[in-house]
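Chain residues, written in single-letter form:
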Amino acid sequence: MRRSIAALAVATIATALSLSSGASAAEHTVVLHHMELDKIEGEMRVGDVVTFDNRSDMAHNLYITYSDGTVDNLDTQVPGVKRSLTLRVAGPTVIRCWIHPIIKSELVVLDRDAAADK
Amino acid sequence: MTDTRLFILLAFALVLTIGAAAGVAPRSPDGMTVTSAFVGRVSAAVGVHVPDELKAKYRRPESIPAPSSNPLTPEKAELGKTLFFDPRLSRTGTVSCASCHNPGFDWGDGLKRGVGVTGVPLPRRTPTVLNAAWLSALMWDGRATTLEQQAALPITAEHEMGLELEEAVARVKAIEGYAPLFEAAYPGEGIRTETLLGALASFQRTLVSAEAPFDRWIDGDEAAISESAKRGFLVFNEAGRCSKCHSSWRFTDDSFHDIGLESGDIGRGQFAPPSVVIMQHAFKTPTLRDFRMSGPYMHDGSMASLDEVIDHYEDGGKKRPSLSPEMQAITLSAQERADLVAYLRTLQGPPLDVTLPRLP
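About the thresholds
Residues numbered from 1 in each chain as written. Chains lettered and ligands numbered in written order. Predicted model: local features only at pLDDT ≥ 70, side-chain atom pairs only at ≥ 80, totals over all residues. Helix = DSSP H or I, 4+ residues; strand = E, 2+ residues; numbered from the N terminus. Buried ≥ 20, exposed ≤ 12 C-beta atoms within 10 Å, placed from the backbone. Contact = placed C-beta atoms within 7 Å. Pairing = 2+ DSSP bridges. Domains from an automatic or database assignment. Nonpolar A, V, L, I, M, F, W, Y, C, P; charged D, E, K, R; others polar. Axes fitted to C-alpha atoms, helices over the stretch in contact; angles between N-to-C directions. Parallel < 35°, antiparallel > 145°, perpendicular 65-115°, else oblique.

**Description of the overall build of chain B**
The number of helices and strands found in chain B is 13 helices and 2 strands. Sorting the 360 residues of chain B into buried and exposed places 41% on the buried side. Considering only residue pairs separated by 6 or more positions, chain B has 66% of its internal contacts joining residues 24 or more positions apart.

This is the structure:
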């Protein structure tokens, strides 16, 4: 009985923390067409998961440079392969391809708690 | 013709059409795809048919791009040409930009590896500067992203021209005849590093390949290239897989690939974290415009003949983790190889009509 109460308390606290940190993490899909990325629609926040779907006929190797200078590399994606990452840092962010420097997309990753842009 | 025979004929035509559209046609015993072989056989009577949408990918642009920070003007190009041919921009006063980017060698040097002021062979082959206006990544390893940035690199490289930019500017300032050229090109801005490099970049933007037989064919002149070259164009785009990287009207994707050459030079890998395996040994795809049939070939000039190059691509290159996924072993028949070479010959236009400057 005590264990059940403790577990319930932990779950309640976790839920409360989750609610206090704003909206839950969202999932986004960005499609790669030949030498360009789909336009990124909507807001992206720290903790959101972005999936890159390579629907081109060539291999790509995307990487994301965050506002603090750190980089996440998505490794090589041959045609038909999807790769995902979780956004780590808020601020201006650049997505590029190591193989094809002409591919470039910029976005602003919002804080988890930032108010939605109306 | 009976209905049954008509139906069989229609079905056969449908199979060929679907096979061609899907690019998965089976191969005939001589190594050509059935569709290509079919096209080749028909060519004697009615000519090779190439889809317009494929041709459209290779159509030349209408105008030369230039950055808003350095718009292209005739005055800048004239100044840049004078600087380009001036050996006083090198430490020894003996090497100009044109020493390695020689108009007579299609703006390259025809050497396996270039040589500068020290006489030490450079690590890589000299690329042409033709059509540089459209480049989004410059140098074999992409370490410059604009022509203005790039212009500084050979001047300052120890084994190329070996001169500090400040010294280059000082030398140009000391040559009386340059002042009016700079004033015409950059009114009120003076002789500075930025104007010197901007002028060199501007001149290079004017170096656009002259119309080649291939261009006339793309524009609709069927007699501009041979039937063999037209079949070679199909080989280039299909069985040969060349267009996977040598794409667009410049025949380059401006991108970086490890094509599996034996070399200690890791190229683009110097600028990527080691975890980015795909960039190890990766080099920029060179243009094939004004392709020099006499070679040498590859970023390191390591191949002397086109046969050697085609053999390399048939083999698929050294198998290692960084090998480009686009590098897949191919098999070409003797006829396909000959057609491919015939096609590559059509990419060379006449020399540019450039008048040499009189140096001040």
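**Observations regarding the sheet that holds strand β3 (residues 44-45) of chain A**
Residue and element names in this part refer to chain A. In space, the 5 strands of this open sheet follow the order β3-β9-β8-β5-β6, with mixed pairing throughout. At either margin of the open sheet sits one strand with a lone partner, and together these are β3 and β6 (71-77). Both β3 and strand β9 (residues 104-110) contribute to a ladder of 2 bridges, which runs parallel. Each bridged residue has a counterpart across the sheet, and for Met 44 the counterpart in β9 is Val 109.

**Quick word on the pairing of strand β1 (residues 27-33) of chain A**
Residues and elements named next belong to chain A. Relative to strand β4 (residues 49-54), β1 runs parallel, the two sharing 6 bridges. By the bridge assignment, Thr 29 is partnered in β4 with Thr 51. In this antiparallel pair of consecutive strands, β1 and strand β2 (residues 36-37), the connection spans 2 residues, and His 34 shows a positive phi of 45 degrees.

**Concerning the domain arrangement of chain B**
Residue and element names in this part refer to chain B. Each assigned domain of chain B is listed here: domain 1 (3-61 + 211-345) and domain 2 (74-205). The interface is formed by 19 residues belonging to domain 1 together with 20 residues belonging to domain 2. In terms of residue class, the side of domain 1 that touches domain 2 is built from 5 nonpolar, 5 polar and 9 charged.

**A word on the packing of helix α4 (residues 74-84) of chain B against helix α9 (residues 193-205) of chain B**
Residue and element names in this part refer to chain B. Where α4 meets α9, the closest approach of the two axes is 7 Å, and the angle between their N-to-C directions is 100 degrees. As the angle between them shows, α4 and α9 are arranged roughly perpendicular. For the pair α4 and α9, contact is made by Lys 76, Ala 77, Leu 79, Gly 80, Lys 81, Leu 83 and Phe 84 and by Leu 196, Gly 198, Ala 199, Leu 200, Ser 202 and Phe 203, respectively.

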